[in-house]
Amino acid sequence: MNYREPDLLKGLNDEQMEQALALGSRISLPGGAELFGLGSEADRLFLIDRGRVKLTLPIQLRGHDQDILVEERSSGQTVGWSALIPPYRFTLKATTLIETDLIALSRESLRALFAASPEVGYTVSLNLAAVIGQRLQLFQTMWLREMQRVVERHCV
Amino acid sequence: MVLLLMAACLGLLALVVTALAYWAAARSEEPAVDQPQPEVFKVASPVGFFADTAAPAGAMRIQVPVEALLLQIENHVRLEQAAAESFLEYPTSALLHTRTISPIVN
C-alpha cells in the first residue's frame, strides 16, 4: 500500500495485514474506467490505494438513463463490499475519476483467510459493518431530509 | 303696506339667489362634452388572467442542457451529503434540517 491504511483492515497487526494484502491483485486504471457495473456479479472487493472512485446510480433524465453521483471513495477506502454480502451483486456502478490504483480481494480468498484466522475474520467483519453502517446512516439522513422537503411542499 | 312689500321683495330675492345657486351647482356636476373621458380598464379576475396567459405545462420551461443539469444534481448530492455528515457528527434536530444553497431545492 502506498498511502492510507485501508479502512477494511484497521486493527490488524502488521503480519495479519500483510497476509490479507498478499491475497490481493493490484489493478491500475485510467480515469473514466468502469470498475464494476450495476447488477453485475460481485466476486471481489477493492481497496483504493491511490486515486478516486465515483459510485453512481442511473436516473431517468429526459427519457434517458443518466448516472448520478451517489458517493465518492478515495485512498484507503473500500468499494464493492457486495462481494461479501449475499446476493453478491453490485448495487452501484463504480467508475474511476482519475488514474487509480486498487487492490482487488476475491471473496473466495478472503473466506479462506477468515476460516484459517477467525481473529482476522472478526476484525475485518467489524470494519465491513462500519463501512456499511456509515453508508446506511448517511442515506437514512439524506432520505429524511428529502422527506421533510416533500412534506413541506405537499402536505403543509 | 311698505313693510309687506319689503318682505315680499326680500323673499323674491332669496328665491332668485337660491335658484341661481342651484343652477350653478347642477351645471358643475354635468360632464363636459369635450373633456377627455377616463379610460375604463377591464380588470380580469385572477383565474381569467392566468388562464389567458398560462402556457401548457412545460412549454415555458427553459431547456437546461443535460450536462448542466447533471452538474447541478451532482452539486446537490455533495451538499446534501455534507449536511448529512454534519448531522451524523453532532445529531441534533436543527442540524438534520439545515438548508443548503442547492438551486434544486431553493
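Note that the structure is a prediction, hence the values are computed from the model and not measured. (Residues numbered from 1 in each chain as written. Chains lettered and ligands numbered in written order. Predicted model: local features only at pLDDT ≥ 70, side-chain atom pairs only at ≥ 80, totals over all residues. Heavy atoms only, no water.)

Student: Account for empty space enclosed by the protein, naming residues and giving values.
Tutor: All names here are of chain A. Within the structure shown, the criterion is met by 1 cavity of 30 Å³ or more. Size it by volume and the largest cavity reaches roughly 90 Å³. The wall of the largest cavity is formed by Phe 36, Leu 55, Val 79, Gly 80, Trp 81, Ser 82, Phe 90, Thr 91, Leu 92 and Arg 135. (1 Å grid on protein atoms, 1.4 Å probe; cavity = no way out; pocket = protein on both sides within 12 Å on 5 of 7 lines; lining within 4 Å. Points joined across faces, edges and corners; volume = space filled by probe spheres on them.)

Student: Let's hear about the sheet that holds strand 7 (residues 93-96) of chain A: which residues, and what values?
Tutor: Paired through backbone hydrogen bonds, the strands of a sheet run either parallel or antiparallel to each other. Pairing is antiparallel in the open sheet, where 4 strands are placed in the order 2-7-4-5 (chain A). Two strands close off the open sheet at either side, each with one partner strand: strand 2 (34-36) and strand 5 (64-74) of chain A. Across this sheet, the average inter-strand angle for adjacent strands is 35 degrees, counted without regard to direction. Direction of pairing for strand 4 (residues 52-61) of chain A relative to strand 5 of chain A: antiparallel, over a ladder of 10 bridges. Bridged to Thr56(A) within strand 5 of chain A is Leu69(A). Relative to strand 5 of chain A, helix 3 (residues 118-154) of chain A is tilted by about 125 degrees, and along the sheet it contacts strand 4 and strand 5 of chain A. Where helix 3 (residues 66-89) of chain B meets the sheet, it contacts strand 4 and strand 5 of chain A, and its direction lies at approximately 35 degrees from that of strand 5 of chain A. (Pairing = 2+ DSSP bridges. Helix = DSSP H or I, 4+ residues; strand = E, 2+ residues; numbered from the N terminus. Axes fitted to C-alpha atoms, helices over the stretch in contact; angles between N-to-C directions. Contact = heavy atoms within 4.5 Å.)

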